[in-house]
Amino acid sequence: MAYQHILVPVDGSEISFSAVRHAAKIAKAFGSRLTLVSLIAENPFTEADFYYSSAIMKEYFVEAHANAKKALKQASIIAQEEGVEAETHIVTGLVNAEHVANTAEETGADLIVMGSHGRKGFQKIILGSFAQDVLGVSQTPVLIIKK
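Residues numbered from 1 in each chain as written. Predicted model: local features only at pLDDT ≥ 70, side-chain atom pairs only at ≥ 80, totals over all residues. Heavy atoms only, no water.

- The name an unreviewed UniProt entry gives the protein is Universal stress protein, with Acinetobacter schindleri NIPH 900 as the organism.
- The record held by UniProt for the protein lists under Sequence similarities (unreviewed entry) the comment "Belongs to the universal stress protein A family."
- A UniProt comment under Subcellular location (unreviewed entry) is attached to the protein, and it reads "Cytoplasm". (UniProt positions renumbered as here; feature names shortened; annotations may be inferred.)

### Looking at the overall build of the protein
Working step 1: For the protein, the helix and strand inventory stands at five helices and five strands.
Working step 2: The order of α-helices and β-strands along the protein, N terminus first, is β-α-β-α-β-α-β-α-α-β.
Working step 3: Taken over 147 residues, the protein has a buried fraction of 40%.
Working step 4: Nonlocal contacts in the protein, meaning residues at least 24 apart in sequence, comprise 76% of its contacts between residues at least 6 apart. (Helix = DSSP H or I, 4+ residues; strand = E, 2+ residues; numbered from the N terminus. Buried < 20%, exposed > 50% of the residue type's maximum accessible area, 1.4 Å probe, protein only. Contact = heavy atoms within 4.5 Å.)

### Comments concerning the pairing of strand E2 (residues 33–41)
Working step 1: Of all nine residues in E2, eight are buried; the element is thus mostly enclosed.
Working step 2: The parallel pair strand E1 (residues 5–9) and E2 is bridged by helix H1 (residues 14–30), and the resulting crossover is right-handed.
Working step 3: In terms of strand pairing, E2 meets strand E3 (residues 87–93) through seven bridges, oriented parallel. Counterpart to Leu36 in the pairing with E3 is Thr88. (Right-handed = clockwise from strand over helix to strand, strands pointing away. Pairing = 2+ DSSP bridges.)

### Some words on H1
Working step 1: The end-to-end C-alpha distance of H1 is 24 Å, a good match for the 24 Å that 17 residues give at a rise of 1.5 Å each.
Working step 2: Of all the residues in H1, the buried ones are Ile15, Ser16, Phe17, Ser18, Ala19, Val20, Ala23, Ala24, Ile26 and Ala27.
Working step 3: Just downstream of H1 lies Gly31, where phi reads positive at about 70°. (Expected span 1.5 Å × (residues − 1).)

### Considering the packing of aromatic side chains
To describe a pair of aromatic rings, you give the distance between the ring centres and the angle between the ring planes.
Working step 1: Applying the stated criterion across every chain yields a total of one aromatic pair.
Working step 2: When the ring of Tyr3 is compared with that of Phe30, the centres are 6.1 Å apart and the planes differ by 80°; the resulting orientation is edge-to-face. Placement of the pair is Tyr3 in the segment before E1 and Phe30 in helix H1, with a sequence separation of 27 residues.
Working step 3: Judged by relative accessible area, Tyr3 falls into the buried class, the value being 19%.
Working step 4: Using a relative accessible area of 38% as the deciding quantity, one classes Phe30 as partly exposed. (Phe/Tyr/Trp six-rings, centres within 6.5 Å; stacked < 30°, edge-to-face > 60°.)

### Side note on the pattern of salt bridges
Working step 1: A full pass over the atoms with the stated rule returns one salt bridge.
Working step 2: We note a salt bridge from Arg33 to Glu87, for which the minimum N-O separation is 3.0 Å. Residue Arg33 is located in strand E2, and its partner Glu87 is located in strand E3; the two are separated by 54 residues in the primary sequence.
Working step 3: The class for Arg33 is partly exposed, based on a relative accessible area of 41%. (Salt bridge = Lys/Arg side-chain N within 4 Å of Asp/Glu carboxyl O.)

### Quick look at the nonpolar core
Working step 1: If you look at the biggest cluster of nonpolar residues, it comprises 22 residues, and the most contacted ones within it are Ile6, Val8, Val10, Val20, Leu34, Leu36 and Val113.
Working step 2: Secondary-structure elements contributing two or more residues to this core are E1, H1, E2, helix H2 (54–81) and strand E4 (111–115).
Working step 3: No other element matches the seven residues that H1 contributes to this core.
Working step 4: Once you skip the residues sitting within four places of it in the chain, Leu34 turns out to touch Ile6, Val8, Ala23, Ala24, Ala27, Ala79, Val84, Glu85, Ala86 and Glu87.
Working step 5: Membership of the second largest hydrophobic core comes to 13 residues, among which are Leu7, Ala97, Ala109 and Ala131. (Core = buried A, V, L, I, M, F, W, Y, C linked by side-chain atoms within 4.5 Å.)

Structural data, given as structure tokens:
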């Protein structure tokens, strides 16, 4: 099976950059499109039980967009080093597994490549496994990169 369009969520971590590297190699081998996305929470304080000002939200969005742009730029360079041009997008909304799966469907991706931090024990209980969650909800095949 040849993949036509590969989606890679990028969060600026080394493991997400490793996923970009792997995805770029696959894209080059199959002549696939490569799309890199960074998700930003539309309202990170949705569950908060305190008041926050619009100045706090503005500061959050400015910093979140700057971080996303920086991560996507680094990821694009990695893809270029592997010989592949990548599209980049910042996607706002919920930062959760469903949003990754929906983004894959909306963009027409037929493969999601993402990194897994490999948390174990107490860390996994507290932080969970984002990659495992994506596997659970996505109808699109998911390739998990461990290192």
